Amino acid sequence: MTYRDAGVDIEAGDALVEAIKPLAKATRRSGVMGGLGGFGALFDPAAAGYRDPVLVSSTDGVGTKLRLAIEAGKHDTVGIDLVAMCVNDLVVQGAEPLFFLDYFATGKLRVEQARDVVAGIAEGCARAGCALIGGETAEMPGMYAADDYDLAGFSVGAAERDRLLPRADVGPGDVLLGLGASGVHSNGYSLVRRIVAASGLALTDPAPFAEGLALGEALLAPTRIYVRPLLALHQAGLLKAAAHITGGGLPGNLPRVLPEGVTAVLDAGAWTVPPVFRWLAAAGDVAAEEMLRVFNCGLGMVVVVAAEDADAAAESLRQAGETVFVAGRIEAGGDGVRIDNLPAGWPR
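Note that residues are indexed from 1 along each chain, following the sequence as it is written. Per-residue local features of the predicted model are confined to residues with pLDDT of at least 70, and side-chain atom pairs are confined, for both listing and counting, to 80 or more; whole-chain, interface and lining totals are unaffected and use all residues. Only hydrogens and water are removed before side-chain values are computed, so all heavy atoms of the structure are retained for them.

**Digging into the packing of helix α7 (residues 227-235) against helix α11 (residues 310-319)**
Fitting a line to C-alpha atoms yields each axis, with helices limited to the stretch in contact; the angle taken between N-to-C directions then spans 0 to 180 degrees. Counting from the N terminus, the helices are the DSSP runs of H or I reaching at least four residues and the strands are the DSSP runs of E reaching at least two. Look at α7 against α11: their axes get within 9 Å of each other, and the N-to-C directions meet at 145 degrees. The interaxial crossing formed by α7 with α11 has right-handed handedness. For the pair formed by α7 and α11, the contact residues are P229, L230 and L233 on the first element and A313, S316 and L317 on the second. Any residue that is not Ala, Val, Leu, Ile, Met, Phe, Trp, Tyr, Cys, Pro, Asp, Glu, Lys or Arg is counted as polar, Gly included; the first ten are nonpolar and the last four charged. Taken together, the residues of the contact of α7 with α11 break down into five nonpolar, one polar and no charged. For any pair of crossing helices, the crossing counts as left-handed if the nearer helix is rotated counterclockwise from the farther one by less than a right angle, and right-handed if it is rotated clockwise. Any two residues whose heavy atoms approach within 4.5 Å at even a single point are treated as in contact.

**Observations regarding the packing of aromatic side chains**
Note on aromatic contacts: the rings of Phe and Tyr and the six-membered ring of Trp form a pair at centre separations within 6.5 Å, being stacked when their planes are under 30 degrees apart, edge-to-face when over 60 apart, and tilted otherwise. Throughout the structure, instances matching the rule amount to five aromatic pairs. Ring centres 5.3 Å apart and planes at 20 degrees place the aromatic pair F104 and Y149 in the stacked group. A residue pair is termed long-range when its members are at least 10 positions apart, and F104 in strand β4 (residues 96-106) and Y149 in strand β6 (residues 149-160) qualify at 45 residues. Exposure is judged per residue with a 1.4 Å probe applied to protein chains only, and the accessible area is read against the type maximum: over 50% gives exposed, under 20% gives buried, and values in between give partly exposed. Of the residues examined, F104 reaches a relative accessible area of 2% and is grouped as buried. Y149 sits in the buried class, given a relative accessible area of 4%. Summarising the aromatic geometry, the rings of F209 and W279 are spaced 5.6 Å apart at their centres and angled 40 degrees between planes, so their arrangement reads as tilted.

**A closer look at the UniProt feature "domain: PurM-like C-terminal" (unreviewed entry) in the chain**
UniProt positions are given in the numbering used here, feature names are shortened, and annotations may be inferred rather than shown by experiment. In the numbering adopted here, UniProt assigns the feature "domain: PurM-like C-terminal" (unreviewed entry) to residues 171-338. Secondary structure across residues 171-338 divides into 34% helix and 21% strand, with the first and last C-alpha atoms of the span separated by 15 Å.

**What about the nonpolar core?**
Here, the term nonpolar core denotes a set of buried Ala, Val, Leu, Ile, Met, Phe, Trp, Tyr and Cys residues that are joined through side-chain atoms within 4.5 Å. Ranked by size, the top nonpolar core spans 102 residues in total, and within it L230, L280 and V303 carry the most contacts. In terms of residues, this core owes the most to one element, helix α3 (residues 78-91), which gives eight residues. When sequence neighbours within four positions are dropped, the list of residues in contact with L230 reads V91, L179, L239, A242, M301, V303 and L317. Formed by ten residues, the second largest nonpolar core is a distinct cluster that contains Y50, L98, F99 and A131.

**A few points about the sheet that holds strand β8 (residues 241-244)**
Two strands are counted as paired when DSSP detects at least two bridges linking them. Within the open sheet, the six strands sit side by side as β8-β10-β7-β11-β9-β12. Their pairing is mixed. This sheet does not close on itself; its edge strands, each paired only once, are β8 and β12 (336-340). Across the sheet, the axes of successive neighbouring strands diverge by a mean angle of 25 degrees, strand direction being ignored. Bridge count between strand β9 (residues 262-267) and strand β11 (residues 324-332): five bridges; the pairing is antiparallel. By the bridge assignment, V265 is partnered in β11 with R329. Where α11 meets the sheet, its contacts fall on β7 (175-180), β10 (299-305) and β11, and the angle it forms with β7 comes to roughly 10 degrees.

**Observations regarding the sheet that holds strand β5 (residues 131-139)**
One open sheet accounts for four strands, arranged β3-β6-β4-β5; its pairing is mixed. Strands with a single pairing partner mark the edges of an open sheet, and in this sheet they are β3 (53-60) and β5. Across this sheet, the average inter-strand angle for adjacent strands is 15 degrees, counted without regard to direction. Pairing between β4 and β5: eight bridges, direction parallel. For F100, the partnering residue across the bridge sits in β5 and is L132. Against the sheet, α3 makes contact with β3, β4 and β6, and its axis sits at roughly 30 degrees relative to β6, the strand it touches most.

**What about the UniProt feature "domain: PurM-like N-terminal" (unreviewed entry) in the chain?**
Summarizing the sequence annotation, UniProt attributes the feature "domain: PurM-like N-terminal" (unreviewed entry) to residues 54-158 in the numbering used throughout. With 38% helix and 35% strand, residues 54-158 has its two end C-alpha atoms placed 5 Å apart.

**Digging into the pairing of β7**
Here β7 lies mainly inside the structure; six of its six residues are buried. Judged by which residues are buried, β7 turns out to be covered on both faces: V175, L177 and L179 on one side and L176, G178 and G180 on the other are all buried. Relative to β10, β7 is paired through six bridges, and the arrangement is antiparallel. Across the sheet, residue L177 finds its bridge partner in β10, namely V303. Sheet topology note: the β7/β11 ladder contains five bridges and is antiparallel.

As structure tokens, this is what we get:
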């Protein structure tokens, strides 16, 4: 017997490594030492310009959004999601993402499919300014169905010790700026898939909420990467804190960067809810409270700035290409998040 008889194709794995080498090389940045192929990847923070770095690490996946990608046969954007879910968690702590590693596991290695996935990862790294420094590909027959694959991402960033976020002066009077999301991003897809199934629509049908796109393509819009605009804001001394709005939504994520004894007060009418969320709420008969704790509902990132800096911060973010909403403020007392002006049936 051979390894190939058991379902593992070593030659396919070698071919994939050769196919992705130029993708990884294109993400090279200062601090990277060596290339792909070693037993470990090397990075020198001093060469990246850090004097007293604190390393910040993050790991995440894409969740059941992968199932939509597999069913739609579209594999070139979930890699962007993978990077985004990690690096957006780094930047909210004031860290610059330095490098990224991926884990790709599948039942049957298809080189073209895997290359598309890694191409998305490389694109995400390019958007975030970090290097794709290594990874692992595992062909695992018996663990995954032949057409299935899974992804995990790992990223490390650095911040100068005295520049970590959130700042100690976050408090009452500060302004909350919401940054527009590109769509559902990468959480809540178990509910998304259930709603799609109940709607009777196929992924190839026209999307009810996105003209000119098939439903599957619209739902696979990749997670927005906010790294560069937030780092610029931080460098300018305008950023007090930031929250990446993922699973748990606004109520679950904003409190993670706030001190005790304050409440983040959001105005539900202050930002535009993208049509995809209106469709999900209506098609699935999902209550407002459930929408808010499962999805980002249009705000992929919320940043905290001083009231006197709000105009300058918003302008900086808009100049960087972000859609910015003055979404609320921080008030003394209480603990957590309050959302005002939430009309009945929101966001339908």
